[in-house]
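Understanding the architecture of this molecule
Chain residues, written in single-letter form:
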Amino acid sequence: AEFILDFCMHEMSIAINIIDIATREAVKAKAKKVNSIDIEIGSLSGVVVEALDFALQIAVKDSILESAEVNIMEICGRAKCNQCSKEFELKDLYEICPLCGSPDITILQGQEMRVKTMNIQ
């Protein structure tokens, strides 16, 4: 049970940060309501999308996002080999190049965690 609690607390803190960002931006824009918010989460970010979605459902109560449509988009991991320049899908941070076997890779995408867009009024 302790592992599950720790697991959810990570996503809950991210959910609270998302609400803080949305609130700050809405106040800047003098908005009264957020209609929708689009969030991008990379598959290599360490965030479990389902747990974040659950945490957001709880955390948005009494916030500017309470009635907003929340869209979480998962971004697949991609890398480029620094030896042979092959680009490939990356499912794990410690993969090697599937073409030449080199561990010398650069992650191109998949570590994102950001609020992409918000629709406000």
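Check the entry above for the structure.
Residues numbered from 1 in each chain as written. Predicted model: local features only at pLDDT ≥ 70, side-chain atom pairs only at ≥ 80, totals over all residues. Heavy atoms only, no water.

Looking at the pattern of salt bridges
Counted by the stated rule, this structure contains four salt bridges. Residue Lys-28 pairs with Glu-25 through a salt bridge whose shortest N-O separation is 3.1 Å. Taken together, the positions of Lys-28 and Glu-25, both in helix H1 (residues 2-28) and three residues apart, correspond to about one turn of that helix. Take Lys-28: its relative accessible area is 59%, and that puts it in the exposed class. Here Glu-25 falls in the partly exposed class, since its relative accessible area comes to 35%. Between Arg-114 and Glu-40 there is a salt bridge, with its nearest N and O atoms 2.7 Å apart. Of the two residues, Arg-114 sits in strand S6 (residues 113-120) while Glu-40 sits in strand S1 (residues 34-42), which places them 74 residues apart along the sequence. The structure contains a network of salt bridges with shared partners spanning Glu-40, Arg-114 and Lys-116. (Salt bridge = Lys/Arg side-chain N within 4 Å of Asp/Glu carboxyl O. Helix = DSSP H or I, 4+ residues; strand = E, 2+ residues; numbered from the N terminus. Buried < 20%, exposed > 50% of the residue type's maximum accessible area, 1.4 Å probe, protein only.)

Overview of the sheet that holds strand S5 (residues 105-109)
Spatial strand order, S4-S3-S5: three strands in an open sheet with antiparallel pairing. Of all strands in the sheet, those bounded by a partner on one side alone are strand S4 (87-89) and S5. Direction aside, the axes of adjacent strands within the sheet are offset by 30° on average. Both strand S3 (residues 78-81) and S5 contribute to a ladder of four bridges, which runs antiparallel. Within S5, the position partnered with Cys-81 by the bridge is Ile-105. (Pairing = 2+ DSSP bridges. Axes fitted to C-alpha atoms, helices over the stretch in contact; angles between N-to-C directions.)

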